[in-house]
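The lines below spell out each chain.
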Amino acid sequence: MSRKYFGTDGVRGTVGEAPITPDFVLKLGQAAGRVLVAHQPPGASAKPTVLIGKDTRVSGYMLEAALEAGFSSAGVDVVLCGPLPTPAVAYLTRAQRLTAGVVISASHNPYPDNGIKFFSGRGTKLPDEIEAQIEAQIDAPFTCVESKLLGKARRLDDAGGRYIEFCKSTFPTELDLKGLKIVVDCAHGAAYQVAPDVFHELGADVVPVGAAPNGFNINDGVGAVHGEHLAHAVQMNEADLGIALDGDADRVVIADADGRTYNGDELLYVIVRDRIANGGRVAGVVGTLMTNFAFEKRLAELKIPFERAKVGDRYVLELLERKGWQLGGEGSGHLLCLDKHTTGDGIVSGLQVLAAMRRAGKSLAELTADLKLLPQTLVNVRVRNGFEWKSHAPLQNEMQAIERQLAGGGRILIRASGTEPVLRVMVEAEEADLAHALAHRLASTVPSA
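Residues numbered from 1 in each chain as written. Predicted model: local features only at pLDDT ≥ 70, side-chain atom pairs only at ≥ 80, totals over all residues. Heavy atoms only, no water.

A separate point is the overall build of the protein chain. Of the regular secondary structure elements, the protein chain holds 14 helices and 18 strands. For the protein chain, the C-alpha atoms occupy an extent of roughly 70 × 60 × 40 Å along the three principal directions. With 449 residues in all, the protein chain has 56% of them scored as buried. Contacts in the protein chain between residues at least 24 apart in sequence constitute 70% of all its contacts with a sequence separation of at least 6. Of the roughly 18700 Å² of accessible surface on the protein chain, 50% is carried by carbon and sulfur atoms. Here the protein chain holds 47 positive side-chain charges and 54 negative ones, and the gap between their average locations is 5 Å. (Helix = DSSP H or I, 4+ residues; strand = E, 2+ residues; numbered from the N terminus. Buried < 20%, exposed > 50% of the residue type's maximum accessible area, 1.4 Å probe, protein only. Contact = heavy atoms within 4.5 Å. Areas by Shrake-Rupley, 256 points an atom, 1.4 Å probe, with all protein chains shown as cover. Lys, Arg positive; Asp, Glu negative; His and termini not counted. Charge placed at Lys NZ, Arg CZ, Asp CG, Glu CD.)

Structure representation (structure tokens):
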């Protein structure tokens with residue numbers, strides 16, 4: 001699908017600049033509302049109803065009001081749940097049997113950014129064809145249904161409490177977290193009112209950090225994109241573990257008492273091994289182009305099929321659904337456990353890792369001892385627009401030479417950025433110095449802009 005407004009994860013940008021302006025978001029709400037009304041079953045007695053959640057950015061108030069007005073003008077009812085994680089909106093949309101869910105968030109981005117993403121009534125990302133229909137309506141003239149058909153708005157009572165109970169339900173009933181002291185870093189984001197309670201109610205001694213949002217501090221030096229802060233907080237509080245979420249709580253990073261952080265590849269490996277150890281069948285696992293080569297090799301040794309999707313949890317989910325598999329994720333901490341939830345969920349993923357530790361009676365270091373991630377070096381090279389790297393002979397020749405040198409003990413990945421004229425050159429090797437040298441050697445063959 002050729003996208004004018006939608007990216008891989010909804011519409012996103014800097015607030016006040018197109019497309020994240022109140023007038024555009026008003027049109028987006030109406031466009032989405034028109035599409036939902038058009039898809040109503042014939043003879044349906046109730047209006048389409050949309051759940052709207054948001055993170056803690058100050059711009060959320062403005063964008064929420066614009067979305068609400070847009071949906072109402074198209075004859076769609078709105079349910080508001082305030083600050084709540086992205087996966088909570090997916091869950092509540094499904095649990096409440098609503099037509100769709102909308103999240104106002106820019107995930108791990110700083111506070112000046114914001115975005116809008118949609119979920120279907122099943123709690124999954126909207127199909128491409130529905131997004132295409134919404135895009136087609138955005139530039140249509142703005143209209144308003146007659147007054148008797150306008151949508152209404154209401155608040156969902158105890159949305160956070162409902163989601164807390166859902167998260168706890170994904171943790172084995174025979175286990176608890178008693179005796180564990182856990183730092184829970186909420187990134188001053190959407191999970192600040194729910195994540196600490198989930199772990200506390202399962203028995204842990206919880207130390208909340210990043211749980212005092214002010215509209216401007218989301219992801220600011222805290223959360224999943226700042227693993228060093230989490231590791232420091234674990235050691236300063238003499239905790240057993242630390243769990244960090246990002247601004248909308250759909251990704252997770254974990255740190256142990258030694259100050260070591262574990263990324264998405266390592267955490268996904270722990271979950272996979274736990275499923276196998278406890279009688280479950282792992283039909284296959286989906287990673288991305290950036291998933292560490294050591295992860296792929298280790299799964300091959302375990303005779304578990306592995307496939308790579310394009311970077312982005314949307315593409316991981318699409319491939320999982322196509323293959324009929326349940327487990328996948330990215331090194332960034334976006335993990336998908338489709339036997340637990342329809343979308344990536346940082347809290348639920350963290351609970352699956354904790355369950356694995358409890359069942360095995362082992363630390364994260366012990367559970368990942370046989371997975372030695374290869375060092376990666378990524379070099380971004382700015383190129384001229386339209387540069388055809390696949391037919392650039394010096395680059396191709398150097399790639400072949402490096403692949404011979406690696407001799408199966410590493411990997412090369414080259415991909416063009418989808419948002420700027422940049423070529424991303426990545427090399428994995430068994431030694432960090434070698435990966436660094438080879439990546440820069442390869443990048444040097446690319447003519448810079």
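What follows covers the environment of isoleucine 414. Position of isoleucine 414 among the secondary structure elements: in strand β17 (residues 411–416). C-alpha separation for the pair isoleucine 414 and isoleucine 52, spaced 362 residues apart in sequence, amounts to 38 Å. Isoleucine 414 has contacts with Trp389, Leu395, Met399, Leu423, Arg424, Val425 and Leu442, leaving out every residue within four places of it along the chain.

Now for the layout of surface pockets. Here the largest pocket defines a volume of roughly 1300 Å³. If you trace the largest pocket, you find 41 residues lining it, with Thr8, Val311, Gly312, Glu330 and Arg415 closest to the centre. Mapped onto the lining of the largest pocket, the elements with two or more residues apiece are β1 (11–14), α10 (313–323), β16 (376–382), β17 and β18 (422–428). Split by residue class, the lining of the largest pocket holds eleven nonpolar, 18 polar and twelve charged. (1 Å grid on protein atoms, 1.4 Å probe; cavity = no way out; pocket = protein on both sides within 12 Å on 5 of 7 lines; lining within 4 Å. Points joined across faces, edges and corners; volume = space filled by probe spheres on them. Nonpolar A, V, L, I, M, F, W, Y, C, P; charged D, E, K, R; others polar.)

The next subject is the pairing of strand β3 (residues 77–83). The buried fraction of β3 amounts to five of the seven residues, a majority that puts the element mostly inside the structure. Pairing between strand β2 (residues 49–54) and β3: six bridges, direction parallel. Its bridge partner lying in β3, glycine 53 is registered against glycine 82. The parallel pair β2 and β3 is bridged by helix α2 (residues 59–73), and the resulting crossover is right-handed. (Pairing = 2+ DSSP bridges. Right-handed = clockwise from strand over helix to strand, strands pointing away.)

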